[in-house]
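Structure assessment
Residue-level listing of the chains:
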Amino acid sequence: MLVESCPQQTLQHVTAARQRGLLTGCVPTMGALHQGHVSLMQRARSECGYVTATIFVNPTQFGPQEDFSKYPRTLQSDLQLCEQAGVDLVFTPQTDQMYAADAETVVQVGRLTTLLEGAHRPGHFDGVTTVVAKLLMITQPQKAYFGQKDYQQQLVVRRMVRDLNIPVEIVTCPIIRESDGLAMSSRNRYLTAEERQTATALSGALRLAERLCSQSGAVPSVVEQQMQQMLLQTPGLVLQYAVLADPETLQPLPERVPSGTSCVALIAARVGTTRLIDNLLLVFG
Ligand code: PAF
């Protein structure tokens, strides 16, 4: 496995692989890798002839009050996981190799980035789309792999790729959960034992929403209220949002929906100082 910090060298390696006729895949990450990331790398390995993983804690997607400086940096164990997953090349640049001191170009997707995560984390998605556009340019993948865990992120990246005609297929991979339902996340390692227990309320509320939605005649606003009530009653948890939304546009659902309607349930909450998100795709009964 090659490890590169230089964008130009990385581009050369990938270009050589493409010239050898290999299908190229990329798994963009910020490191602190867990089994969720491993599942993305394994999927890329099974579908592509040349797999690049990127490890870069991107400063531009963190707000001033967010956890950029304390974000876990675990490069040695990350590299081991990449190697075990069969990654060919790890691109792990320094910040000044990604951003010139006088860089002034931002890739901005519109309305989709103003809702939910975008409303709670102003500017976050501009940082994500700008760095993802750059990573796609440097690693030249024909397929790029993102986790459903960041549901809005993968929608925003899909929209950017479509709107800018970037020649890459975005593959969204399922959420990997701990045995008690907690969605795997690099930020879970911030949680104390007690907070870790509290955090299971997010997946619990999603399962409640799933049960309620599957009943015939379920009403979206009632399901939302039940999810919110459950989370608001959880000691140690501060709810930011718990909503049902259209899975493509993230717009709220109408008051009544026909049986068979798909939606996504999305939750964000703080447990202690840790901000957690989770989601589940649902179908109305
Ligand atoms: O999901 C992440 O880890 C990051 O947002 C990404 C896509 C690697 C961009 O920095």
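Everything in this summary refers to the structure shown in the same document.

Here we look at the site of the ligand
Taken together, Pro-28, Thr-29, Met-30, Asn-58, Gln-61, Val-131, Val-132, Phe-146, Asp-150 and Gln-153 are the residues near the ligand. Interatomic distance of 2.6 Å between a side-chain N/O atom of Gln-61 and an oxygen atom of the ligand. Take Gln-153: an N or O atom from its side chain is 2.7 Å from an oxygen atom of the ligand. Computed on the free molecule, the ligand has an accessible area of 290 Å², of which 90% lies beneath the protein chains in the complex. Of all the secondary structure elements, the ones that give two or more residues to the shell around the ligand are strand S2 (24-29) and helix H6 (124-139).

A look at the packing of helix H1 (residues 7-19) against H6
It is the contact of H1 with H6, at a shortest axis distance of 7 Å, that shows an interaxial angle of 50 degrees. Between H1 and H6, the angle is such that the two are oblique. Contacts from Pro-7, Thr-10, Leu-11 and Val-14 of H1 reach H6 at Met-137, Ile-138 and Thr-139.

Focus on the packing of aromatic side chains
Taken as a whole, this structure holds three aromatic pairs when the rule is applied. Aromatic pair Phe-56 and Tyr-99: ring centres 6.3 Å apart, planes at 45 degrees, arrangement tilted. Within this pair, whereas Phe-56 is found in the loop between strand S3 (50-55) and helix H3 (75-84), its partner Tyr-99 is found in the loop between helix H4 (95-98) and helix H5 (117-120), the two being separated by 43 residues in sequence. The buried category is assigned to Phe-56, whose relative accessible area is 5%. Through pairs of rings, three or more aromatic residues link up here, namely Phe-62, Phe-68 and Tyr-71.

Some points on the pattern of salt bridges
In total, this model carries nine salt bridges according to the counting rule given. Here Glu-47 makes a salt bridge to Arg-43, at a shortest N to O gap of 2.7 Å. Taken together, the residues Glu-47 and Arg-43, both in helix H2 (residues 35-47) and four residues apart, mark about one turn of the helix. The partly exposed category is assigned to Glu-47, whose relative accessible area is 26%. Residue class for Arg-43 comes out partly exposed when judged on its relative accessible area of 31%. The salt bridge involving Lys-143 is made with Glu-47; its shortest N-O contact spans 3.0 Å. Here the residue Lys-143 occupies a position in strand S5 (residues 143-147), and Glu-47 occupies one in helix H2, the gap between them amounting to 96 residues. Looking at Lys-143, the relative accessible area reads 15%, which means it is buried. Bridged by salt links that share partners, the residues Arg-43, Glu-47 and Lys-143 form one connected network.

Re helix H10 (residues 220-232)
With 13 residues, H10 extends 18 Å from end C-alpha to end C-alpha; this agrees with the ideal 18 Å at 1.5 Å per step. Regarding H10, the residues found buried are Pro-220, Val-223, Glu-224, Met-227 and Leu-231. Seen end-on, H10 carries its buried residues on one side only, within an arc spanning 100 degrees. The secondary structure elements touched by the buried residues of H10 are helix H9 (200-214), strand S7 (237-245) and strand S8 (262-271).

Thoughts on the sheet that holds S3
Taking strand neighbours across the sheet as the criterion, the six strands line up as S1-S4-S3-S2-S5-S6 in an open arrangement whose pairing is parallel. Only two strands of the sheet have a single partner each, and these edge strands are strand S1 (2-4) and strand S6 (169-173). Each strand of the sheet is rotated relative to its neighbour by a mean of 25 degrees, with strand direction disregarded. Across three bridges, S3 lies against strand S4 (residues 89-91) in parallel orientation. Directly across from Thr-52, in S4, lies its bridge partner Leu-89. Its contacts with the sheet put H1 on S1, S2, S3 and S4, and the angle it makes with S4 is roughly 150 degrees. The strands touched by H2 are S2, S3, S5 and S6; relative to S5, the strand with the most contacts, the crossing angle is about 155 degrees.

Thoughts on the side chain of Asn-188
Counting through the fold element by element, Asn-188 comes out in the loop between S6 and helix H8 (193-198). A relative accessible area of 12% places Asn-188 in the buried class. Ignoring any residue separated from it by four or fewer positions in sequence, one finds Asn-188 in contact with Leu-182, Ala-183 and Leu-276.

Let's talk about unusual backbone geometry
A positive phi angle is found at Asn-165, which is not glycine, with a value near 55 degrees. Relative to the helices and strands, Asn-165 resides in the loop between helix H7 (151-163) and S6. For Leu-250, which is not a glycine, the phi torsion comes out positive at approximately 65 degrees. Its location among the elements puts Leu-250 in the loop between S7 and S8.

Thresholds applied
Residues numbered from 1 in each chain as written. Predicted model: local features only at pLDDT ≥ 70, side-chain atom pairs only at ≥ 80, totals over all residues. Heavy atoms only, no water. Near = heavy atom within 4 Å. Polar contact = N/O pair within 3.5 Å; in protein donor to acceptor, adjacent residues only side chain to side chain. Areas by Shrake-Rupley, 256 points an atom, 1.4 Å probe, with all protein chains shown as cover. Helix = DSSP H or I, 4+ residues; strand = E, 2+ residues; numbered from the N terminus. Axes fitted to C-alpha atoms, helices over the stretch in contact; angles between N-to-C directions. Parallel < 35°, antiparallel > 145°, perpendicular 65-115°, else oblique. Contact = heavy atoms within 4.5 Å. Phe/Tyr/Trp six-rings, centres within 6.5 Å; stacked < 30°, edge-to-face > 60°. Buried < 20%, exposed > 50% of the residue type's maximum accessible area, 1.4 Å probe, protein only. Salt bridge = Lys/Arg side-chain N within 4 Å of Asp/Glu carboxyl O. Expected span 1.5 Å × (residues − 1). Arc of directions from axis to C-beta. Pairing = 2+ DSSP bridges.

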